[in-house]
Amino acid sequence: MSNNDQIRSLISHDGLRDSLTGLMSLPSFLESAERELSSALRFHRNLNIFLISLVEVDANGNSQLVVRGEREASQLTEDELYTLSARVLEVSKRLISDLRTNDLIARYALADFLILNSGDHNEITKKLTYITDACGAVAVGLEVVPKEAVQSRALTKNLHEEVRKAIASLERQLLAKLET
């Protein structure tokens, strides 16, 4: 099997579930996230979204993404792909076991995960920090539906766009966090 075939097999899904982890696929996550956002608005509850990415430490002690622009997944060796797969599985198992069953958890990219849930943002952040510290990952998060927005119904009607904007904001936060 070629390196590109191995990478494709690591990120394949059947439309609903990721083939490697059994977590939600991205399309399924996005669809469910829109429903959750709509429900949060109706029932006046907050909603949090988190992005978790696997990182590695360079020679200078700086954390950087495992897969990044200058180091594409196709450049990983077979051993690096197997190690990455094991790390992805470890994170996914911890997320499944340590988070609530009704939390939405998806594999976002090769070494990234998205989580959508309600509840106390700070408490969930603490729980995710424990997981990421143990697995060599970093997490960022935000409230998609802060309590003030729920009360004022300040969000737009385009829920799909709201979810996409939240994910884009998380990506920017993650990059900023790694630069510091």
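Look a little higher up for the structure.
What you are looking at is a predicted structure, and each value in this text was computed from that prediction instead of being measured.

So, how was this worked out
Residues numbered from 1 in each chain as written. Predicted model: local features only at pLDDT ≥ 70, side-chain atom pairs only at ≥ 80, totals over all residues. Heavy atoms only, no water. Helix = DSSP H or I, 4+ residues; strand = E, 2+ residues; numbered from the N terminus. Buried < 20%, exposed > 50% of the residue type's maximum accessible area, 1.4 Å probe, protein only. Contact = heavy atoms within 4.5 Å. Areas by Shrake-Rupley, 256 points an atom, 1.4 Å probe, with all protein chains shown as cover. Core = buried A, V, L, I, M, F, W, Y, C linked by side-chain atoms within 4.5 Å. Expected span 1.5 Å × (residues − 1). Arc of directions from axis to C-beta. Salt bridge = Lys/Arg side-chain N within 4 Å of Asp/Glu carboxyl O. Axes fitted to C-alpha atoms, helices over the stretch in contact; angles between N-to-C directions. Parallel < 35°, antiparallel > 145°, perpendicular 65-115°, else oblique. Left-handed = near helix turned anticlockwise from the far one by under 90°. Nonpolar A, V, L, I, M, F, W, Y, C, P; charged D, E, K, R; others polar. Pairing = 2+ DSSP bridges.

Novice: Would you mind showing me how to read the overall build of the protein chain here?
Specialist: From N to C terminus, the protein chain includes six helices and five strands. Burial analysis of the protein chain (180 residues in total) assigns 44% to the buried set. A separation threshold of at least 6 residues defines the contact pool for the protein chain, and within that pool the share at least 24 residues apart is 69%. Accessible surface, the protein chain: about 9,600 Å² in total, of which carbon and sulfur atoms supply 51%.

Novice: How do you make sense of the nonpolar core when you look at a structure like this?
Specialist: General note: in soluble globular proteins, nonpolar side chains tend to be found buried as a group. Grouped together as the largest cluster of nonpolar side chains are 29 residues, with contacts concentrated most on Phe29, Ile49, Leu116 and Val144. Those elements giving two or more residues to this core turn out to be helix 2 (26-42), strand 1 (47-57), strand 3 (104-109), strand 4 (112-117), strand 5 (137-145) and helix 6 (159-179). Setting aside residues up to four positions removed in sequence, leucine 116 forms contacts with Phe29, Ala33, Glu36, Leu47, Asn48, Ile49, Asp103, Leu104 and Val144.

Novice: Where do I start with helix 3 (residues 78-98) in this structure?
Specialist: Note on helix geometry: an α-helix contains 3.6 residues per turn, so any two residues three or four positions apart are oriented the same way. With 21 residues, helix 3 extends 30 Å from end C-alpha to end C-alpha; this agrees with the ideal 30 Å at 1.5 Å per step. By the burial criterion, the buried members of helix 3 are Leu81, Leu84, Ser85, Val88, Val91, Ser92 and Leu95. End-on, the buried residues of helix 3 take up no more than an arc of 130°, which puts them together on one face. Turned more than 90 degrees off the buried face of helix 3, the exposed positions are Asp79, Lys93 and Ser97.

Novice: Even after reading the chapter, I still don't get the pattern of salt bridges, so can you show me in this structure?
Specialist: Between side chains of opposite charge, a pair can form as their charged atoms come close. As enumerated under the stated definition, the model contains seven salt bridges in all. Here arginine 45 ties to glutamate 36 by a salt bridge, and the two come within 3.1 Å at their closest N and O atoms. In this structure arginine 45 comes out as partly exposed when scored by relative accessible area, which is 24%. Accessibility expressed as a relative area gives 27% for glutamate 36, which makes it partly exposed.

Novice: What exactly am I supposed to notice about the packing of helix 3 against helix 4 (residues 121-135) here?
Specialist: Helix packing for two helices is described by the angle between their axes and how far apart those axes are. Two elements in contact, helix 3 and helix 4, have axes separated by 10 Å at closest approach and are oriented at 155°. By the angle between their directions, the pair helix 3 and helix 4 is classed as roughly antiparallel. Remark: the crossing between helix 3 and helix 4 carries right-handed chirality. In contact with Arg87, Glu90, Val91, Arg94, Leu95 and Asp98 of helix 3, helix 4 contributes Lys127, Leu128, Tyr130, Ile131, Ala134 and Cys135. Tallied by class, residues from the contact of helix 3 with helix 4 come to seven nonpolar, no polar and five charged.

Novice: Would you explain the pairing of strand 4 in this entry?
Specialist: When a strand is regular, its side chains alternate between the sheet's two faces. Counting buried positions along strand 4 yields six of six residues, so the element is predominantly enclosed. Burial of strand 4 is two-sided: the residues Asp112, Leu114 and Leu116 facing one way and the residues Phe113, Ile115 and Asn117 facing the other way are all buried. Of the pairings in the sheet, the one linking strand 1 to strand 4 comprises six bridges and is antiparallel in character. Of the residues in strand 4, the one forming a bridge with phenylalanine 50 is isoleucine 115. Strand direction decides the pairing type here: strand 3 and strand 4, joined by five bridges, are antiparallel. Pairing of alanine 109 across the sheet is with aspartate 112, part of strand 4. Counting the residues that bridge the hairpin from strand 3 to strand 4 gives two residues.

Novice: Mind showing me how you'd approach the environment of isoleucine 167 here?
Specialist: With respect to the element layout, isoleucine 167 can be found in helix 6. Those residues in contact with isoleucine 167 that sit more than four places away from it in its chain are Leu30, Ile49, Tyr108 and Leu114.

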